[in-house]
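Structure at a glance
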Amino acid sequence: MTSAHAATESDAPRTAAEGPATGPAAGASAPGITGVLRARRLLRGLLDPTPLRSYPALDRRLGARVLVKHENLQPTGAFKVRGGLVLLSRMTPGERSRGVVTYSTGNHAQSIAYAARATGAPCTIVVPEDPNPVKAEAVRALGAELVEAGSDLDGARVRAEALAADRGARLVSPGDEPDLVAGVATAYLELFEEAPDLDAVLVPVGGGSGAAGACIAARAVAPGCRIIGVQSDASPAAHDSWRAGACTSRPNRTRAEGLATGRGFALPQSVLRDLLDDFVLVGDEDIRRAQWWAMSEARTVAEGAGAAALAGARAVGDRFRGGRIAVVCTGGNASPEELRRCTAPG
Ligand SMILES: *Cc1c(COP(=O)(O)O)cnc(C)c1O
């Protein structure tokens, strides 16, 4: 890991005057470890730590000691709820009363809806038309208003921006929010506390907030541990942005919703550029196979993105032979069709 870090620390208490009410401050900077510790304090009593487990069959398959961090066991079935709760908890009561608006096809929506319900804020989620009925129902069950608009996430974003401006509500970006990064980084504090001597942690990447949080936590408490990002080669925007050193757009065709992004996000990329050790691409078929390993060898239902770190561990396998690594099972919200597809090895 390098010691340089371009992003400025921003751990001072937030004030109502800071930044526009409708979104994060423009050019918002990444949290430092102090922000992550504050996030952990905020989450105390709201979320239990998630289990860290090992499975002999996975160790054998990968030729290393493999620890699985079970973020699939969060109340929303994915790690993102850590970030949502921190963001909503840090809004002022006045801001919360005007509500939050965001756009998402997946776990980010459930995270913000869950956090809004927990903190008593009105919540609107904009999804592209014809959404996955399972995810749409989960959002409604959490009491959020669901608006269908646009043919893709970009169309949904345009509507979300208009709604937030109309209502004076807080627009939550799925990628460029320091509080979301600080929140999800707490998963890695937990991980390093339990396993301080890891050679590497593999982290699935979509927008990159999770991996940015992993890097910030590792730099502070486990500087010898390498952080390795994993994305699908069918949606390589974050990976390619990292390699190019600039945010770029790419085709977005992966089946793994959590890894699906068409562009790099500036805030997480600024952290990854300095601190991420490596970034690998895997195929959607590799991910499907890893979902089967999770099911058959770790008794774990992982959605595609949730099994991507395992697929990545297989891809970099020889590098850590005989060593100790962790993979983060980031989510378990597989659709019925997805479950049918991955309940067989072939
Ligand atoms: C969102 C998500 C990811 C990717 O996280 P980012 O912070 O967007 O990089 C990985 N896995 C699951 C299950 C997700 O929901």
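Residues numbered from 1 in each chain as written. Predicted model: local features only at pLDDT ≥ 70, side-chain atom pairs only at ≥ 80, totals over all residues. Heavy atoms only, no water.

Some thoughts on the pattern of salt bridges
Here is the rule we go by: Whenever a carboxyl oxygen of Asp or Glu lies within 4 Å of a side-chain nitrogen of Lys or Arg, that contact is scored as a salt bridge. We count a stretch as a helix when DSSP gives it H or I for four or more residues in a row; a strand needs E for two or more, and each element gets its number in order from the N terminus. When a residue's accessible area, from a 1.4 Å probe over protein chains only, is under 20% of the maximum for its type it is buried; when over 50% it is exposed; and in between it is partly exposed.
Within this structure, the stated rule accounts for 22 salt bridges. Note that R319 is salt-bridged to D278, the shortest N-O span being 2.9 Å. Taken together, the residues span a long stretch of sequence, with R319 in the loop between α13 (304-315) and β10 (324-329) and D278 in strand β9 (residues 278-282) at a distance of 41 residues. For R319, a relative accessible area of 45% translates into the label partly exposed. Under the relative-accessibility criterion, D278 is labelled buried at 16%. Salt-bridge contacts for R321 lead to D318; the nearest nitrogen and oxygen are separated by 3.2 Å. For the residue pair R321 and D318, the accessibility class agrees, reading exposed in each case. Beyond isolated ion pairs, a larger network of salt bridges with shared partners links K69, E71, R82 and E190.

Re the packing of helix α1 (residues 33-43) against helix α3 (residues 81-89)
Rules: To define axes, lines are fitted to C-alpha atoms, for helices over the stretch in contact only, and angles between the resulting N-to-C directions are given on a 0 to 180 degree scale. Any angle from 65 to 115 degrees is called roughly perpendicular, while one under 35 is roughly parallel, one over 145 is roughly antiparallel, and all others are oblique. Residues count as neighbours in contact if any of their non-hydrogen atoms are within 4.5 Å of one another. Gly counts as polar in this scheme, as do all residues outside two lists: the nonpolar Ala, Val, Leu, Ile, Met, Phe, Trp, Tyr, Cys and Pro, and the charged Asp, Glu, Lys and Arg.
At a closest axis distance of 10 Å, the pairing of α1 and α3 adopts a crossing angle of 90 degrees. Judged by the inter-axis angle, α1 sits roughly perpendicular to α3. In contact with A39, L42 and L43 of α1, α3 contributes R82, L85, V86 and S89. Of the residues assigned to the contact of α1 with α3, the class counts are five nonpolar, one polar and one charged.

Some details on the packing of aromatic side chains
The way to describe two aromatic rings as a pair is by their centre distance and the angle between their planes. So the rule is basically this: A pair of aromatic rings is counted whenever rings of Phe, Tyr or Trp (Trp by its six-membered ring) have centres within 6.5 Å, and the orientation is called stacked for planes under 30 degrees apart, edge-to-face for over 60 and tilted otherwise.
Evaluation of the coordinates by the stated rule reveals one aromatic pair. Here W242 and F279 contribute two aromatic rings whose centre-to-centre distance is 6.0 Å and whose plane-to-plane angle is 55 degrees, an arrangement assigned as tilted. With W242 in helix α10 (residues 237-244) and F279 in strand β9, this pair connects stretches of sequence that are 37 residues apart. Of the two residues, W242 and F279, both sit in the buried class.

Brief notes about the site of the ligand
As a reminder of what qualifies: Nearness is defined per residue: one heavy atom within 4 Å of the molecule or strand is enough. Between N or O atoms, a polar contact is any pair within 3.5 Å; within protein, one atom must be a potential hydrogen donor and the other a potential acceptor, and residues adjacent in sequence are included only when both atoms are from side chains. Note on areas: Shrake-Rupley with a 1.4 Å probe; residue coverage comes only from the protein chains shown.
Surrounding the ligand, one finds 15 residues, the nearest of these being K80, N107, G206, G208 and T330. Separating an oxygen atom of the ligand from a side-chain N or O atom of N107 is a distance of 2.8 Å. Relative to its unbound accessible area of 380 Å², the ligand is 95% covered by the protein chains.

Some thoughts on the packing of helix α9 (residues 209-221) against helix α11 (residues 266-275)
This is how the line gets drawn: Left-handed is the label given to a crossing in which the near helix is rotated counterclockwise from the far helix by less than a right angle, and right-handed is the label when the rotation is clockwise.
The geometry of α9 relative to α11 is characterised by a closest axis approach of 9 Å and an angle of 45 degrees between their N-to-C directions. On the basis of the axis angle, α9 is oblique to α11. Crossing of α9 over α11 shows left-handed handedness. Of the residues in α11, those in contact with S209, A211, A212, C215, I216 and R219 of α9 are P268, V271, L272 and L275. Tallied by class, the residues present in the contact of α9 with α11 amount to eight nonpolar, one polar and one charged.

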